[in-house]
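One letter stands for each residue in the lines below.
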Amino acid sequence: MYLPPHDPHVDDPMRFKPLFRIHLMERKSATVECMYGHKGPHNGHIQIVKKDEFSTKCNQTDHHRMSGGRQEEFRTWLREEWGRTLEDIFHEHMQELILMKFIYTSQYDNCLTYRRIYLPPSSPDDLIQPGLFKGTYGSHGLEIVMLSFHGKKAKGTKITGDPNIPAGQQTVEIDLAHPLQLPDIENLHDFSELSRIVLEVQEQVRREEQEREQQQQEEEEHSQQAASQPASPLGGEGAEGEETAAGAEGTTQDKAPASQPFVLPMGVISRNEDYPRTCRICFYGTGLIAGHGFTSPERTPGVFVLFDDDRFGFIWLELKSFSLYSRIKVSFQNAQAPSREAFEEMLKNIQSLAT
């Protein structure tokens, strides 16, 4: 298991923890050992469910328990997973979230199912190299997000989740057709000024979507009428119009300056104050928020901030909070998708599992 570093140190390396091991014996037989817990390796079982999926089961779950009971297990888990003690956590809401995560994860420590995840394919037009990133999520700690590019959109999909937004959900979506011009550094301190800029772009995006829907409806009505009439010999004009529209779309994204000063507005909370003070470019985006148990999910406006090739951020306007993301630099073998279609199918599958 690859675990993120301790919150909020997103630039630290991932941590490695073995979960099981297989001893290959003679005549194609093998023994499986579960490595979970603190009492050493013990008997386990592995079953191949179907292609790209298998399950592990521990046959001696007493090896996972501690003599001090659940309280000792929780304190040990807290020290290993979070790098802190219960006494370090003063915030009541954070205590609640951490306890929920402990109960949830320890509930399934005896039987786990694994499914293959492909790394996102890249193209020369991508803003940065797609891949896996560690991100700060407030009291939830650090989580793993996969950044992928889809034409004029970029998506951040959760690979690890929390009690509010489960793994597989699209945590952020970046609209690459709508770059944001941040105010100068003095006015950037003013949250209301940033909010005004973002909400203006949100309204612009809403109008453009309405116009596209209306245009699509008119085209459908026109095609239905054309189907009931004799075909016209004049057909070049429409093709020319499409070409012009495509050309216009290709120039939507403005060229970004080399760098510009950046500082978080007053009142925006950040777990990590060690974020870069310059950025390359910003885009309008939306972030997914929800209540416990993924209740009442909604997409809310925000700002995607590209710092460099390995770091980006997202300002959650409604939450007045900031997430900082740093690239995972582990080399995963045989993780490339056989095709873009296979990658898109995988994204759909993990999202359907989450819902």
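Being a predicted model, the structure only gives us computed values, none of them experimental.

1. Focus: the environment of E203
If you trace the backbone, E203 turns up in helix α4 (residues 191-227). Engagement of the side chain of E203 in a polar contact is seen with the side chain of R206, the distance being 2.4 Å.

2. Focus on the nonpolar core
Core analysis: the largest hydrophobic core is formed by 26 residues, its most contacted members being L180, F262, V303, I315 and F322. Within the residue set of this core, elements represented by two or more residues are α4, β15 (281-291), β16 (295-308) and β18 (321-327). No other element matches α4, which puts six residues into this core. If you look at the next biggest cluster of nonpolar residues, it comprises 19 residues, including F133, L306, F312 and W316.

3. Quick word on the sheet that holds strand β4 (residues 30-34)
Read across the open sheet, the five strands follow the order β3-β4-β5-β6-β7; overall the sheet is antiparallel. At either margin of the open sheet sits one strand with a lone partner, and together these are β3 (20-24) and β7 (111-115). Adjacent strand axes in the sheet meet at a mean angle of 30° when their direction is disregarded. One ladder, built from five bridges, connects β3 with β4; its direction is antiparallel. Pairing of H23 across the sheet is with T31, part of β4.

4. Looking at unusual backbone geometry
In most cases, non-glycine residues show a negative phi, while peptide bonds are predominantly trans. The peptide bond linking D7 to P8 adopts the cis configuration, its omega dihedral lying at 5°. Residue placement: P8 occurs in the loop between β1 (2-3) and β2 (15-16). Despite not being glycine, D52 has its phi angle at roughly 65°, a positive value. Here D52 lies in the loop between β5 (42-50) and β6 (53-58). Accessibility expressed as a relative area gives 29% for D52, which makes it partly exposed. A positive phi angle, close to 50°, is found at S296, a residue other than glycine.

5. Points about helix α2 (residues 92-107)
The end-to-end C-alpha separation of α2 is 23 Å, in line with the 22 Å expected for 16 residues at 1.5 Å each. Residues of α2 that are buried: M94, L97, I98, F102 and S106. For α2, the angular spread of the buried residues around the axis is 150°, confining them to a single face. Opposite the buried face of α2, at more than 90 degrees from it, the exposed residues are E92 and Y104. Against the buried residues of α2 lie α1 (69-82).

6. Here's the deal with a negative patch on the surface
Side chains of E218, E219, E220 and E221 sit close together on the surface and give a patch of like negative charge. As for its position among the elements, E218 is in helix α4. Residue E218 is classed as partly exposed on the basis of its relative accessible area, which comes to 45%.

7. Observations concerning the packing of α1 against α2
The interhelical angle for the contact between α1 and α2, taken along N-to-C directions, is 105°, at an axis separation of 11 Å. Classified by the angle between their axes, α1 and α2 sit roughly perpendicular to one another. In this structure, α1 uses R70, E73, F74, W77, L78 and W82 to contact α2, whose residues at the interface are M94, I98, L99, K101, F102, T105 and S106. Its residues placed into classes, the contact of α1 with α2 shows eight nonpolar, two polar and three charged.

8. Regarding the side chain of T136
With respect to the helices and strands, T136 occurs in strand β8 (residues 131-136). Not counting residues up to four positions away in its chain, the partners in contact with T136 are D7, P8, V10, G141, L142, R271, F322, S323 and L324.

Criteria and thresholds
- Residues numbered from 1 in each chain as written.
- Predicted model: local features only at pLDDT ≥ 70, side-chain atom pairs only at ≥ 80, totals over all residues.
- Heavy atoms only, no water.
- Helix = DSSP H or I, 4+ residues; strand = E, 2+ residues; numbered from the N terminus.
- Polar contact = N/O pair within 3.5 Å; in protein donor to acceptor, adjacent residues only side chain to side chain.
- Core = buried A, V, L, I, M, F, W, Y, C linked by side-chain atoms within 4.5 Å.
- Buried < 20%, exposed > 50% of the residue type's maximum accessible area, 1.4 Å probe, protein only.
- Pairing = 2+ DSSP bridges.
- Axes fitted to C-alpha atoms, helices over the stretch in contact; angles between N-to-C directions.
- Expected span 1.5 Å × (residues − 1).
- Arc of directions from axis to C-beta.
- Contact = heavy atoms within 4.5 Å.
- Patch = residues over 30% accessible without salt bridge, like charges linked within 9 Å, V, L, I, M, F, W, Y side chains within 5 Å.
- Areas by Shrake-Rupley, 256 points an atom, 1.4 Å probe, with all protein chains shown as cover.
- Salt bridge = Lys/Arg side-chain N within 4 Å of Asp/Glu carboxyl O.
- Lys, Arg positive; Asp, Glu negative; His and termini not counted.
- Charge placed at Lys NZ, Arg CZ, Asp CG, Glu CD.
- Parallel < 35°, antiparallel > 145°, perpendicular 65-115°, else oblique.
- Nonpolar A, V, L, I, M, F, W, Y, C, P; charged D, E, K, R; others polar.

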